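Summary of structural features
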Amino acid sequence: MSQTIMADVKKKEAEKKIKRIGVLTSGGDAPGMNAAIRSTVRIALYNGLAVSGIRRGYQGLIEADIDDMQIVDVGDIINRGGTKLLTARSEDFMTEVGQKRALDVLRMFEIDGLVVIGGDGSFKGAKRLWDMGFPTIGIPGTIDNDLAYTDLTLGFDTAVSTVVSAINNLRDTSSSHGRVSIVEVMGRHCGDIALFAGLAGGVEDILVPERKFDLDEVARKILQGRRRGKLHSIILIAEGVGKSYEIAERLEALIHQEVRVTVLGYLQRGGTPSVTDRILGAQFGQRAVELLLEDKFGRVVGIRDNKIMDMAIEEALNEPKRFDQDKYDLAEILSL
Ligand code: ATP
């Protein structure tokens, strides 16, 4: 490299606002978070930035649970669920005192930009930091897929596959016993896991918080299926719909047949991330670091129509969640 080019590179380095970035995972863990950490760390190092890994989300930030990260620190994690940086829900960070403390710690560790991997709560936290002037970027990491601005969040694809494989197993035993099964999956406000897994798993009915349900109609469908010789019925319920055991009791009274409930619970959070979640993690991490390098702050990355995109955190948080009625209708027709 000629001396002039070298001098130019050095000048650019010196001019760069962001010299060290921090990365943390917050809220519920999701498969693919590790892929995003790995990508964020390696893309940052590749671009000459230093990286601080912050453990246990905002709580770890407040408590200065922070270490330098090198290329080797993110080796052997792309295939693992959970998060290498651990995660937490932090009551302290919800307070102004906690947020100011977090800001002090970031300055103390000479961190100039922060990548937050988490769900909408974590994004609200990131927005607080940005409102206080700290350069922050959000990466959507939550199995619920409840962030409207992006078609997919990290972990959703893996969680859906986990539910589908549970449905496959249940199908075997339900057919053998001619049983009716209710499977409760995660989703307090957003029924995407139930919707996608129901469509892919070929279940008889899908109950989601976004749509009212009529239990008489559910019972009618089951009885109709039984008359046609259907060996089993599987009803998928998102947890936000109501209490599965109560719904099962009411359904039993209508169809005069035992209804078994399986609550998948935390099973849905774990497991080796799918190809989709690994690739998304890689791309989200890359874009997050690029934004910091381009001095574009207070933004979140996502994917829309197969393209990686970004938008202002505030705008993303205000976007109302759309329900995929087309998929819902399709599942209904196919379950006849
Ligand atoms: P998931 O939905 O997958 O569990 P999440 O990021 O939505 O992920 P939350 O528990 O809602 O999970 O949020 C994670 C953390 O983000 C909280 O424990 C808190 O520290 C911080 N946080 C949430 N809401 C706010 C807020 N309004 N202001 C500041 N910080 C917040």
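Source: prediction; values computed, not measured.

What counts and what doesn't
Counting from 1, residues in each chain are numbered in the order their sequence is written. Reporting of local features is limited, given that this is a predicted model, to residues whose pLDDT is at least 70; pairs of side-chain atoms are given and counted only at 80 or more, and all residues count toward the totals for whole chains, interfaces and linings. Side-chain numbers come from the whole structure's heavy atoms, not from hydrogens or water. Using protein atoms alone on a 1 Å grid, points that fit a 1.4 Å probe yet trap it form a cavity, whereas open point sets bounded by protein on both sides within 12 Å along at least five of seven lines form a pocket; residues with an atom within 4 Å of a point count as lining. Grid points are joined across faces, edges and corners, and a volume is the space filled by probe spheres set on the points. The helix count covers DSSP runs of H or I at least four residues long, the strand count covers runs of E at least two residues long, and both are numbered beginning at the N terminus. Only protein chains enter the accessibility calculation, which uses a 1.4 Å probe. A residue is then buried if its area is under 20% of the maximum for its type, exposed if over 50%, and partly exposed in between. Only when DSSP finds a minimum of two bridges between them are two strands counted as paired. Classification remark: right-handed applies to a crossover when, strands pointing away from the viewer, the course from the first strand over the helix to the second runs clockwise. In this analysis, the expected span of each helix is defined as 1.5 Å times one less than the number of residues it contains. To be clear, the arc concerns the directions from the helix axis to the C-beta atoms. Stacked, edge-to-face and tilted are the three classes for Phe, Tyr and Trp ring pairs, Trp counted by its six-membered ring, which pair at centre distances within 6.5 Å; planes under 30 degrees apart are stacked, over 60 edge-to-face, the rest tilted. For every domain, the bounds stem from an assignment made automatically or drawn from a database. Here, two residues are considered to be in contact whenever any of their heavy atoms come within 4.5 Å of each other. By definition here, a salt bridge exists when the distance from a side-chain nitrogen of Lys or Arg to a carboxyl oxygen of Asp or Glu is within 4 Å. Pairs of N or O atoms are called polar contacts if they sit within 3.5 Å, as long as, within protein, a hydrogen donor faces a hydrogen acceptor (for residues adjacent in sequence, only side-chain-to-side-chain pairs). Just so you know the grouping, Ala, Val, Leu, Ile, Met, Phe, Trp, Tyr, Cys and Pro go in nonpolar, Asp, Glu, Lys and Arg go in charged, and all remaining residues, Gly too, go in polar. Nonpolar cores were defined as sets of buried Ala, Val, Leu, Ile, Met, Phe, Trp, Tyr and Cys residues, with membership established by side-chain atoms within 4.5 Å.

Observations regarding the layout of surface pockets
The rolling of a water-molecule-sized probe over the atoms marks out the regions of remaining empty space. Approximately 1,200 Å³ is the volume attributed to the largest pocket. Lining the largest pocket are 43 residues, with R89, G119, D120, G121 and D146 sitting closest to its centre. Elements with a minimum of two residues in the lining of the largest pocket: α5 (120-131), β6 (180-185) and α11 (313-318). Looking at which element gives the most residues to the lining of the largest pocket, the answer is α5, with 6 residues.

Things to note about the pairing of strand β1 (residues 20-25)
A large share of β1 lies buried, amounting to 6 of its 6 residues. Taking every second residue as pointing to the same face, both faces of β1 are buried, with R20, G22 and L24 on one and I21, V23 and T25 on the other. Judged from the 4 bridges that link them, β1 and strand β2 (residues 50-54) form a sheet pairing that is parallel. Across the sheet, G22 pairs through a bridge with S52, a residue of β2. Note that the unit made of β1, helix α2 (residues 33-46) and β2 has a crossover that is right-handed. Across 5 bridges, the pairing between β1 and strand β4 (residues 113-118) is parallel. Residue pairing for β4: G22 is matched across the bridge by L114.

Comments concerning helix α4 (residues 96-108)
Here α4 is 13 residues long and its end C-alpha atoms lie 18 Å apart, about the 18 Å a rise of 1.5 Å per residue gives. Taken together, the buried positions of α4 are G98, Q99, A102, L103, V105 and L106. Looking down the long axis of α4, one finds its buried residues gathered within 160 degrees of arc, a one-sided arrangement. Exposed positions of α4 whose direction lies more than 90 degrees from the buried face are E96, V97, R107 and M108.

Section: unusual backbone geometry
Even without glycine at this site, D295 takes up a positive phi of about 60 degrees. We note that D305 has phi near 50 degrees; this positive angle belongs to a residue other than glycine. If you trace the backbone, D305 turns up in the loop between β10 (299-304) and β11 (307-312). Residue D305 is classed as exposed on the basis of its relative accessible area of 68%.

Section: the packing of aromatic side chains
Following the criterion strictly, the structure yields 5 aromatic pairs and no others. Here W130 and F297 contribute two aromatic rings whose centre-to-centre distance is 6.0 Å and whose plane-to-plane angle is 70 degrees, an arrangement assigned as edge-to-face. Taken together, the residues W130 in helix α5 and F297 in the loop between α10 (275-293) and β10 connect sequence positions 167 residues apart.

Focus: the domain arrangement of the chain
In terms of domain boundaries, the chain breaks down into domain 1 (3-155 + 273-318) and domain 2 (158-270). Each of domain 1 and domain 2 has a C-alpha centre, and the two are 36 Å apart. Taken together, the contact pairs 12 residues of domain 1 with 10 residues of domain 2. Scanning the region where domain 1 abuts domain 2 turns up 0 salt bridges. Counting every contact that joins domain 1 to domain 2 gives 6 residue pairs in polar contact (both at pLDDT 80 or more). Tallied by class, residues from the side of domain 1 that touches domain 2 come to 3 nonpolar, 4 polar and 5 charged.

Digging into empty space enclosed by the protein
This structure, assessed with the given rule, holds 2 cavities of 30 Å³ or more. Residue assignment for the lining of the largest cavity shows that the elements contributing at least two residues are β7 (205-207) and α12 (325-334). If you tally residues by element for the lining of the largest cavity, the top one is α12, at 3 residues. Looking at the lining of the largest cavity residue by residue, the classes come out as 4 nonpolar, 2 polar and 4 charged. The space that makes up the second largest cavity amounts to roughly 60 Å³.

A closer look at the nonpolar core
Counting residues in hydrophobic clusters, the biggest one holds 71 residues, and the most contacted among them are I21, I117, I139, I182, L236 and L251. Here the element with the most residues in this core is helix α6 (residues 156-177); it accounts for 8 residues. Taken together, domain 1 (3-155 + 273-318) and domain 2 (158-270) each give at least three residues to this core, which thus spans both. Residues within four places of I182 in sequence aside, it is in contact with I235, I237, S244, I247, A248, L251, V259, R260, V261 and T262. One finds I66, F93, F123 and Y149 within the second-largest nonpolar core, a separate group that totals 25 residues.

With respect to the pattern of salt bridges
For the coordinates displayed, the defined rule picks out 22 salt bridges. Across the salt bridge formed by R55 and D65, the nearest N and O atoms sit 2.8 Å from each other. Of this pair, R55 sits in the loop between β2 and α3 (57-62) while D65 sits in the loop between α3 and β3 (66-68), and the two are 10 residues apart along the sequence. We classify R55 as partly exposed; its relative accessible area is 26%. Owing to a relative accessible area of 19%, D65 belongs among the buried residues under this scheme. With a closest N to O distance of 2.4 Å, E217 and R220 form a salt bridge. In this pair, E217 and R220 are both assigned in helix α8 (residues 215-227), 3 residues apart and thus about one turn of the helix distant. For R220, a relative accessible area of 37% puts it in the partly exposed group.

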